[in-house]
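Examination of the molecular architecture
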Amino acid sequence: MNSIERITAALNHQEADRVPAYPILAGVTRKLVGASYEKWSTDAETCANAYIKAVREYDLDCVVSLIDLSIECTAWGQEMIFSEQDAAHPNYKNCVIKEIEDYEKIKKADYRTCERMMMHIDVCKRLVAEFKGEKPVIAFVFGPLGTLSMLRNQSAMYMDLYDDPDAVKGAAREIAATLKEYAEALCDVGVNAIMWDTLFASGSIMSKQMWVEMEADLMRELSAAVRAKGCLNMIHNCGEKIYFDVQIDAIQPAAISFLYPPDDCEDFADCKAKYGDKVTLIGCVPPTNVVLGTDEEWDQICRDQIDAMAKGGGFILATGCEFPSGSPLDRAKRMVDVAKTYGVYHK
């Protein structure tokens, strides 16, 4: 099997030749092309070449175009900070939304005028040209509430949700209208799926009821637009106590990439039993272990995830979030090697 056949089997809850694997390599791939972090995250050719080299060198089964969580917010003029060791992030000392009245300023933007959104579309176009028919290309997009938090800052926005939820939701709706057209443009370049980062849909940030009230309907509309384009929806959420049930209802994802067990499951085996026939599970090796512990301990964690969730298909071995940007890459190869040996399905 090639990678796209292997991933397709997993998405259809079938056992392939082996467990598919993709350690989430994002900013760390800049090392493979000798680029600065800023160059990697702002130049489409550099970024795409780094991803291509990572996929080829480590034989990843798919590529997810995670650059950073600040791609989308720049459409509203958010000032960015670039550094060498960390992903680009907003200058929180100069947020676009400085006070609650500023939410009214957030209106639907034209993604075509946003340099970083267009750069990401170009990256995906290059990845599709390289891997089409061989490996799935999945475009990573931050959801409406997440994007809004980049314009305000998460803690302040959370307080605003209590003080004036209508103002927050109104701005989120304008952002969602922008993301809809942006996601459609990504689908048009030939990506196989959109992976939505739904950061707020976890117990570590907000209650399940609040997420349903604030973002579920927006995500329902966004995911419907992606399906209309013939692409799959996926979710990434590395928060604790992620809400599988309400997100599955709203988004109907083909797969969920996660780090911790859902809020209604005791552990990963319980997650497999409860949700394994509803959605493909992606994860859930802690990225902190990329730099902690021994190689043998790393391998065992990978095997433990296979033991808990691989039986019957519907599982992709991955880190629960991206590799630390300053880490070595040797454990990416070890993860794939574990999938190729320990993760073989015996029929």
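Everything in this summary refers to the structure shown in the same document. (Residues numbered from 1 in each chain as written. Predicted model: local features only at pLDDT ≥ 70, side-chain atom pairs only at ≥ 80, totals over all residues. Heavy atoms only, no water.)

**Focus: the nonpolar core**
Across soluble globular proteins, nonpolar side chains have a tendency to be buried as a group. How we decide: For this analysis, a nonpolar core means a set of buried residues of the types Ala, Val, Leu, Ile, Met, Phe, Trp, Tyr and Cys, connected via side-chain atoms within 4.5 Å. Partly exposed describes any residue whose relative accessible area lies between the buried limit of under 20% and the exposed limit of over 50%, with all areas from a 1.4 Å probe on protein chains only and scaled to the type maximum. Helical segments are the DSSP runs of H or I of at least four residues, strand segments are the runs of E of at least two, and each set is numbered from the N terminus. Residue contacts are counted whenever heavy atoms from the two residues lie within 4.5 Å of one another.
Counting residues in each nonpolar core, the largest one holds 133 residues, and the members touching the most others are Y22, L148, I194, F244, F258 and L317. Counting residues per element, this core draws most heavily on helix α7 (residues 165-188), which supplies 12 residues. Dropping the residues within four chain positions of it, L148 is found in contact with I97, Y103, M157, V168, A171, A172 and I175.

**Let's talk about the pairing of strand β4 (residues 137-142)**
Stated precisely, the cut-off is as follows: Here, any two strands with at least 2 DSSP bridges between them count as paired.
Counting buried residues in β4 gives 6 out of 6 residues, a clear majority hidden from the surface. Two strands pair when backbone bridges link them, and strand β1 (residues 63-64) and β4 are joined in this way by 2 bridges, in the parallel orientation. Bridging from a neighbouring strand, V63 pairs with V137 of β4. Sheet topology places β4 next to strand β5 (residues 193-197); 5 bridges connect them, and they run parallel. Among the inter-strand pairings, A139 is bridged to a residue of β5, identified as I194.

**Structural notes on the side chain of E215**
Spelled out, the test is: Neither His nor the chain termini are counted; the positive set is Lys and Arg, and the negative set is Asp and Glu. Any Lys or Arg side-chain nitrogen found within 4 Å of a carboxyl oxygen on Asp or Glu counts as a salt bridge. Counting of polar contacts relies on pairs of N or O atoms within 3.5 Å, with two restrictions inside protein: one atom must be capable of donating a hydrogen and the other of accepting it, and residues adjacent in sequence are counted only when both atoms are side-chain atoms.
Relative to the assigned elements, E215 resides in helix α8 (residues 208-228). Buried and unpaired, E215 has no salt bridge, with K169 as the nearest side chain of opposite charge at 11 Å. Polar contacts involving the side chain of E215 include one to the main-chain amide nitrogen of L145, which spans 2.9 Å. In this structure the side chain of E215 is engaged in a polar contact, spanning 2.6 Å, whose partner is the side chain of W211.

**Here we look at the environment of R18**
Relative to the helices and strands, R18 is located in the loop between α1 (3-11) and α2 (37-42). On the basis of relative accessible area, R18 is assigned to the buried category, the value being 7%. For R18, the residues in contact, after removing those within four places along its chain, are R6, D59, D61, A339, K340, G343, V344 and Y345. A distance of 3.0 Å separates a polar atom in the side chain of R18 from a polar atom in the side chain of D61.

**Quick word on α7**
Worth spelling out the cut-off: Under the convention used throughout, the expected extent of a helix is 1.5 Å for every residue step, that is, one less than its residue count.
Taking 1.5 Å per residue, 24 residues should reach 34 Å; α7 reaches 34 Å between its end C-alpha atoms and fits that length. Phi for G190, located one or two positions after α7, is positive at around 105 degrees.

**A closer look at unusual backbone geometry**
In the segment running from G283 into C284, the intervening peptide bond is cis, with an omega of -5 degrees. By the element assignment, C284 lies in strand β8 (residues 280-285). Even without being a glycine, N153 presents a positive backbone phi close to 110 degrees. Structurally, N153 can be placed in the loop between α5 (144-152) and α6 (154-163). Even without being glycine, Q252 reaches a positive phi, approximately 50 degrees. Relative to the helices and strands, Q252 resides in the loop between α9 (244-251) and β7 (255-258).

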